[in-house]
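Residues per chain are reported as follows:
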Amino acid sequence: MSHPWSRPIRAAVSALTALSALAALGACSGGGGQAPARGTAEDPVTLTFWAWTKGSKEVVDAFNASHDTIKVKFEEIPSGGLGGYPKIANAVKAGIAPDLLSIEYPQLSQFVSQGSLQDLSGHLTEDIKKKFLPQAVELTTMGGRNWAVPFDASPQVFYYRKDFFDKHDIAPPRTWDEFRTAAEQVRKAEPRTRIGTFFPDDPTFFQAMAWQAGAQWFSTEKDAWRVDTTDPASTRAADYWQGMIDDRLVTTASSFSPEWTGSLKQGTTVGYLGASWGAGVLSGIVPEQKGKWAAVQVPSWDAGKPASGMIGGSTFAVSKGSEKTAAAVEFALWMSTTEAGIKARIGASTSSAMPAAPALVPVARKAFDTGFFGGQDLYSLYEKAGASVGPNWLWGPSTGATNSALGDELSDVVGGGSTLRKALGTAHDATVADAKKRGLKVEDAS
């Protein structure tokens, strides 16, 4: 593939290989030395599957109703940021992990480097990979091997209370300068009301802002990782959001907290900087506000050049101890690349996920009820946002350390005890230290 995402990802692959970060992982193709279960009439199997994403139970029910030789037992776990990832890591360590796992793109490299997942290259042919967005394939490829089946893409979007904006003659912002102006207008119109929220508990929120601004926190040179969370694009995003926080133009509630959901219900928060999956979140939280919301491209730094980062986005990976790899991949591909799978995931729930398989976007468009947004064609908006995702972002080898340090610092930022610039530096130092501790060669670009 010649997509621009290929260049940084392939460079990282070379570094990972040279550093032996993925050494011995090729052997992770099922433990115990037993013959792998196939999921055929002669050899039926029951898979175990852990996930937290909306619609997962419905998609499992639909699969079980339409398949005889492969059955799936589903367990809902906390979202990754609320304990799901530690639960997965502990289960893998104890040898009791399920066959199939839901893992977001940012965390995938860490699970791969820890030897927790199986190499799926033998199951994902070129024809299969062509069904997905090139960037989704690249984000699940490390060391020249395929480690997961992509499910969705998650570009940024700005959701806003159209009725409030119309009532007060506030134009939906196209740039971050316009967003600040609109934020001032919102507060002036109703002093207790804010245009949106800076989420201090979710590092991926700020990472997406840096990504969208053109940051490149991770890159590779020869056989080393290069880490720089304090590049000009990152500090530009940090300074902007520091100003928004200091001037109290946004709220700083934790994501999905009672404080945040209460402000949506009370109408004191009239915007949401989220991802494509955020439409389902909003319609589930404030169904009584049906018809009052709309969505536009996330503001960019240049009105003539739309840009987006990604917040989350999920994949399906097979745990290293599973003896049911072929069946697990078949189920994952059914969820990601079939009309029945997408309909089950989206139509039977409030999920507004954008499929990573472009051919399935029309199915998602039909399956998701956009009545909450006045019938707006959200998926055309998502497709445009997806096309504007910055091509140079690369997830690093120590996502857990990066996010832990950044998250701790962000809490201090909103409390007035730190700054976003300091948070960037802290995340940088923690990432470098963790990578070196794990034996990776690191070039400190600070």
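Computed from a prediction, not measured in an experiment: that's the story for all the values here.

(A) Seen up close, helix H8 (residues 176-189). For H8, built from 14 residues, the straight-helix expectation of 20 Å at 1.5 Å per residue is met to within 8% by its first-to-last C-alpha distance of 20 Å. Along H8, the residues that are buried comprise Trp 176, Phe 179, Ala 182, Ala 183 and Val 186. Along the axis of H8, the buried residues cluster in a sector spanning 105 degrees; they form a single face. Relative to its buried face, H8 has exposed residues pointing more than 90 degrees away, namely Asp 177 and Lys 188. In this structure, the buried residues of H8 make contact with strand S8 (156-161), helix H7 (162-167), helix H9 (203-212), helix H10 (232-246) and strand S11 (271-275).

(B) Structural detail: helix H3 (residues 84-94). By the burial criterion, the buried members of H3 are Gly 84, Tyr 85, Ile 88, Ala 91 and Val 92. All buried residues of H3 lie within an arc of 125 degrees about the axis, which places them on one face of the element. Of the exposed residues in H3, the ones pointing more than 90 degrees away from its buried face are Asn 90, Lys 93 and Ala 94. For H3, the elements touching its buried residues are strand S1 (45-51), strand S3 (100-104) and helix H4 (105-113).

(C) Structural context of the pairing of S1. The buried count for S1 comes to five of seven residues, which makes it a mostly enclosed element. Strand direction decides the pairing type here: S1 and strand S2 (residues 70-76), joined by seven bridges, are parallel. Of the residues in S2, the one forming a bridge with Thr 48 is Lys 73. Viewed along the sheet, the connection from S1 through helix H2 (residues 56-66) into S2 turns out right-handed. Pairing between S1 and S3: two bridges, direction parallel. The partner of Phe 49 across the bridge, within S3, is Leu 100.

(D) The arrangement of the environment of Tyr 85 in detail. Note on placement: Tyr 85 falls in helix H3. Separated by 315 residues in the primary sequence, Tyr 85 and Gly 400 have C-alpha atoms spaced 9.7 Å apart. Discounting residues that sit within four places of it in the chain, Tyr 85 has contacts with Trp 52, Gly 80, Ser 102, Ile 103, Glu 104, Gln 107 and Phe 111.

(E) Main features of the confidence of the model for the protein chain. Mean pLDDT over the protein chain: 89, with 91% of residues reaching 70 or higher. Segment residues 1-35: pLDDT under 50, and 81 contacts once partners within four positions in sequence are set aside and those in other chains are kept.

(F) The arrangement of the layout of surface pockets in detail. Roughly 1,400 Å³ of volume is contained in the largest pocket. Taken together, the elements giving at least two residues each to the lining of the largest pocket come down to H3, H4, H9, S11, helix H12 (278-285) and helix H17 (399-414). Its residues placed into classes, the lining of the largest pocket shows 20 nonpolar, 22 polar and six charged.

(G) Main features of the nonpolar core. Among the nonpolar cores identified, the biggest contains 118 residues, and Tyr 159, Phe 206 and Trp 241 are the most heavily contacted of them. The greatest single-element share of this core, amounting to eight residues, is contributed by helix H13 (residues 325-337).

(H) Region of the structure containing the pairing of S8. Burial runs high along S8: six of the six residues are buried. The side-chain alternation of S8 yields two buried faces, one formed by Gln 156, Phe 158 and Tyr 160 and the other by Val 157, Tyr 159 and Arg 161. Strand direction decides the pairing type here: S8 and S11, joined by five bridges, are antiparallel. Considered in S11, the bridge of Val 157 is made with Gly 274. Both S8 and strand S12 (residues 293-297) contribute to a ladder of five bridges, which runs antiparallel. Counted as the bridge partner of Tyr 159 is Ala 295 from S12.

(I) Inspection of the side chain of Thr 204 at higher detail. Within the element layout of this structure, Thr 204 appears in helix H9. A polar contact is formed between the side chain of Thr 204 and the side chain of Asp 202, at a distance of 2.5 Å. Ignoring anything within four residues of it in the chain, the contact list for Thr 204 reads Ile 311 and Asn 403.

Reading the values: rules and limits
Residues numbered from 1 in each chain as written. Predicted model: local features only at pLDDT ≥ 70, side-chain atom pairs only at ≥ 80, totals over all residues. Heavy atoms only, no water. Helix = DSSP H or I, 4+ residues; strand = E, 2+ residues; numbered from the N terminus. Expected span 1.5 Å × (residues − 1). Buried < 20%, exposed > 50% of the residue type's maximum accessible area, 1.4 Å probe, protein only. Arc of directions from axis to C-beta. Contact = heavy atoms within 4.5 Å. Pairing = 2+ DSSP bridges. Right-handed = clockwise from strand over helix to strand, strands pointing away. pLDDT = per-residue confidence, 0-100. 1 Å grid on protein atoms, 1.4 Å probe; cavity = no way out; pocket = protein on both sides within 12 Å on 5 of 7 lines; lining within 4 Å. Points joined across faces, edges and corners; volume = space filled by probe spheres on them. Nonpolar A, V, L, I, M, F, W, Y, C, P; charged D, E, K, R; others polar. Core = buried A, V, L, I, M, F, W, Y, C linked by side-chain atoms within 4.5 Å. Polar contact = N/O pair within 3.5 Å; in protein donor to acceptor, adjacent residues only side chain to side chain.

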